[in-house]
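Geometric and topological summary
Chain by chain, the residues:
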Amino acid sequence: MLETVANTCEISGMTTNLNARDHNLGGYGASQLTVSGQITMKVEFKASLGKTAQ
């Protein structure tokens, strides 16, 4: 039996960042991409767990 630990769960914020760099090393071209992100979630746990979200 599968049981859940929360009544609700939603995304309350999201950010992304992309950095691109071109390198030219001895005539050989290379590119570097870096992608980072952050997701903030709002979770309402079930009362039966006896825990509060922080």
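Up top is the structure these notes are about.
Quick look at the structure, then. (Residues numbered from 1 in each chain as written. Predicted model: local features only at pLDDT ≥ 70, side-chain atom pairs only at ≥ 80, totals over all residues. Heavy atoms only, no water.)

**Here we look at the overall build of the protein**
Scanning the protein for helices and strands turns up zero helices and two strands. Here the protein holds 54 residues, and the buried ones make up 0% of them. Sequence-distant contacts, at least 24 apart, represent 53% of the contacts inside the protein between residues at least 6 apart. Here the protein displays about 5200 Å² of accessible surface, and carbon together with sulfur accounts for 53% of that area. (Helix = DSSP H or I, 4+ residues; strand = E, 2+ residues; numbered from the N terminus. Buried < 20%, exposed > 50% of the residue type's maximum accessible area, 1.4 Å probe, protein only. Contact = heavy atoms within 4.5 Å. Areas by Shrake-Rupley, 256 points an atom, 1.4 Å probe, with all protein chains shown as cover.)

**Re the environment of glycine 13**
Of note, glycine 13 is situated in strand β1 (residues 6-25). Linking glycine 13 and lysine 42, residues 29 residues apart in sequence, is a C-alpha distance of 9.1 Å.

**Regarding a nonpolar patch on the surface**
Judged by side-chain polarity, Ile11, Met14, Ile39 and Met41 come together as a nonpolar surface patch covering roughly 410 Å² of accessible area. For the nonpolar patch, the secondary-structure elements that each account for two or more residues are β1 and β2 (28-45). Assignment of secondary structure puts isoleucine 11 in strand β1. (Patch = residues over 30% accessible without salt bridge, like charges linked within 9 Å, V, L, I, M, F, W, Y side chains within 5 Å. Salt bridge = Lys/Arg side-chain N within 4 Å of Asp/Glu carboxyl O.)

**Observations regarding the environment of alanine 30**
Within the secondary structure, alanine 30 is located in strand β2. On the accessibility criterion, alanine 30 (36% relative accessible area) is partly exposed. Leave out the neighbours within four places in its chain, and alanine 30 touches Arg21, Asp22 and His23.

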